[in-house]
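The primary structure of each chain is shown beneath.
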Amino acid sequence: MMLGPGDLVLCAGTLPRASFAERVEAAAEAGFAGISLFVADYQRARADGLSDAEMRALLADRGVVVAELDPLMGWLPESAAAGAVNEQGAAFLQHTERDFYALAEALGARSLNAVSIAPPPLDADAAAEAFAGLCDRAGEHGLLVHLEFLPWTQIPDVDAALEIVQLAGRPNGGLMLDSWHHFRSGGDAVSLRRVPGERILAIQINDAPRLAEPDPIEETTRRRLLPGEGDIDLAELLKAMRVRGSTAPIGVEVFSDALARLPAREAARLAGDAARAVLRQVRG
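Predicted, not measured: the structure shown is a model, and the values here were computed from it.

Draft legend 1. Spatial organisation of the environment of Leu 192. Position of Leu 192 among the secondary structure elements: in the loop between helix 8 (179-184) and strand 7 (200-205). Through-space distance from the C-alpha of Leu 192 to that of Leu 69 is 24 Å; in sequence the pair is 123 residues apart. Those residues in contact with Leu 192 that lie beyond four places of it in its chain are Val 158, Leu 177, His 182, Leu 237, Ala 240, Met 241 and Arg 244.

Structural data, given as structure tokens:
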């Protein structure tokens, strides 16, 4: 599945209340080439009566592909038993690798996003071994695997995630660079100079104010900002990743209570317009 740096992906977190059909239609109308899916999105669509064939037909008719399957939390042995999560995170933990692979086989997908919610400390060697195994299993289903870091966890920043990816040494393994998590971990464009561009397999952009809220989980899952509305220098981040050679598509992931209350088409249009404004800065 070919998606590149000129393609936008409408992430599931940006339209959390939309049905499968609504998300695909909204993505197509707003100029997105792909969408990401939670396992629950697929399961809800099946429960609503849509068959796999009907979902594939809807995607094909609208010229939209499934880019990312997000988020696999249980890939580390301790992940399911440790870590701080809210209600949404607890729901994600219920989905197993098998669920993700079934979804990939049903609808096709470019990649799988892996996260860990376990708190410090981190055994990098053990994590790398687990990540390598995940990459091998996912590769059997034609999937890339990107590791996403979360600032409050045992994999808190780009350096910790990169160490695991490099120790694992799998050709289909790399990083997810989410601008919110990078910003809140203290990262900037300079921090990306150590990252080989080919290891940046997925990018998600969003924005945040300079001052962080006391509870990072509440902030990141409910009050992210659209690209360009906050203090993250998104254009510089994207320029840095392009300089390093990343060809990853650009996802727009804005978990926002305010955005979620809007009709799906309006929220997708706002997300697409905001992302394209940032990309114009990168090209300019």
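Draft legend 2. Examining the sheet that holds strand 3 (residues 65-72) more closely. Pairing is parallel in the closed barrel, where 8 strands are placed in the order 1-2-3-4-5-6-7-8. Across the sheet, the mean angle separating the axes of adjacent strands is 30° when strand polarity is ignored. Taken strand by strand, helix 6 (residues 124-139) contacts strand 3, strand 4 (111-115), strand 5 (144-148) and strand 6 (173-178), and its axis lies near 150° from that of strand 5. Lying on the sheet, helix 12 (residues 264-283) is in contact with strand 1 (8-10), strand 7 and strand 8 (250-252); it crosses strand 1 at an angle near 150°.

Draft legend 3. Expanded view of the pattern of salt bridges. Considering all chains together, one arrives at 17 salt bridges under this definition. Its salt-bridge partner being Asp 178, residue Arg 224 comes within 3.0 Å of it at the nearest N-O pair. Of this pair, Arg 224 sits in the loop between helix 9 (216-222) and helix 10 (234-243) while Asp 178 sits in strand 6, and the two are 46 residues apart along the sequence. In this pair, the class of Arg 224 matches that of Asp 178, namely buried. Across the pair Glu 236 and Lys 239 runs a salt bridge whose closest N-O atoms are separated by 3.5 Å. Placement of the pair is Glu 236 and Lys 239 together in helix 10, with a separation of 3 residues, close to one helical turn. Residue classification places Glu 236 among the partly exposed positions, given a relative accessible area of 35%. For Lys 239, a relative accessible area of 30% translates into the label partly exposed.

Draft legend 4. Focus on a negative patch on the surface. Judged by side-chain charge, Asp 123, Asp 125, Glu 129 and Glu 163 come together as a negatively charged surface patch. Turning to its location among the elements, Asp 125 is positioned in helix 6.

Draft legend 5. Structural detail: the pairing of strand 3. Within strand 3, 7 of the 8 residues are buried, which leaves the element mostly enclosed by the surrounding structure. Pairing geometry for strand 2 (residues 34-37) and strand 3, over 4 bridges, is parallel. Paired with Leu 37 across the strands is Leu 69, a residue of strand 3. Taken together, the 3 bridges between strand 3 and strand 4 define a ladder with parallel strand orientation. What sits directly across from Leu 69, in strand 4, is Leu 112.

Draft legend 6. Structural view of the nonpolar core. Grouped together as the largest cluster of nonpolar side chains are 83 residues, with contacts concentrated most on Phe 20 and Trp 75. Excluding its chain neighbours within four sequence positions, the residues that come into contact with Phe 20 are Ile 35, Leu 37, Ala 45, Leu 50, Met 55, Leu 58, Leu 59 and Leu 107. Counting 8 residues, the second largest nonpolar core, distinct from the first, contains Met 73, Phe 92, Val 115 and Phe 255.

Draft legend 7. Fine view of the environment of Leu 279. Here Leu 279 shows up in helix 12. Accessibility expressed as a relative area gives 12% for Leu 279, which makes it buried. A sequence separation of 274 residues divides Leu 279 from Pro 5, and the C-alpha atoms of the two residues are 9.9 Å apart. Those residues in contact with Leu 279, other than ones at most four positions away along the chain, are Leu 8, Leu 238 and Ile 250.

Calculation rules
Residues numbered from 1 in each chain as written. Predicted model: local features only at pLDDT ≥ 70, side-chain atom pairs only at ≥ 80, totals over all residues. Heavy atoms only, no water. Helix = DSSP H or I, 4+ residues; strand = E, 2+ residues; numbered from the N terminus. Contact = heavy atoms within 4.5 Å. Pairing = 2+ DSSP bridges. Axes fitted to C-alpha atoms, helices over the stretch in contact; angles between N-to-C directions. Salt bridge = Lys/Arg side-chain N within 4 Å of Asp/Glu carboxyl O. Buried < 20%, exposed > 50% of the residue type's maximum accessible area, 1.4 Å probe, protein only. Patch = residues over 30% accessible without salt bridge, like charges linked within 9 Å, V, L, I, M, F, W, Y side chains within 5 Å. Areas by Shrake-Rupley, 256 points an atom, 1.4 Å probe, with all protein chains shown as cover. Lys, Arg positive; Asp, Glu negative; His and termini not counted. Charge placed at Lys NZ, Arg CZ, Asp CG, Glu CD. Core = buried A, V, L, I, M, F, W, Y, C linked by side-chain atoms within 4.5 Å.

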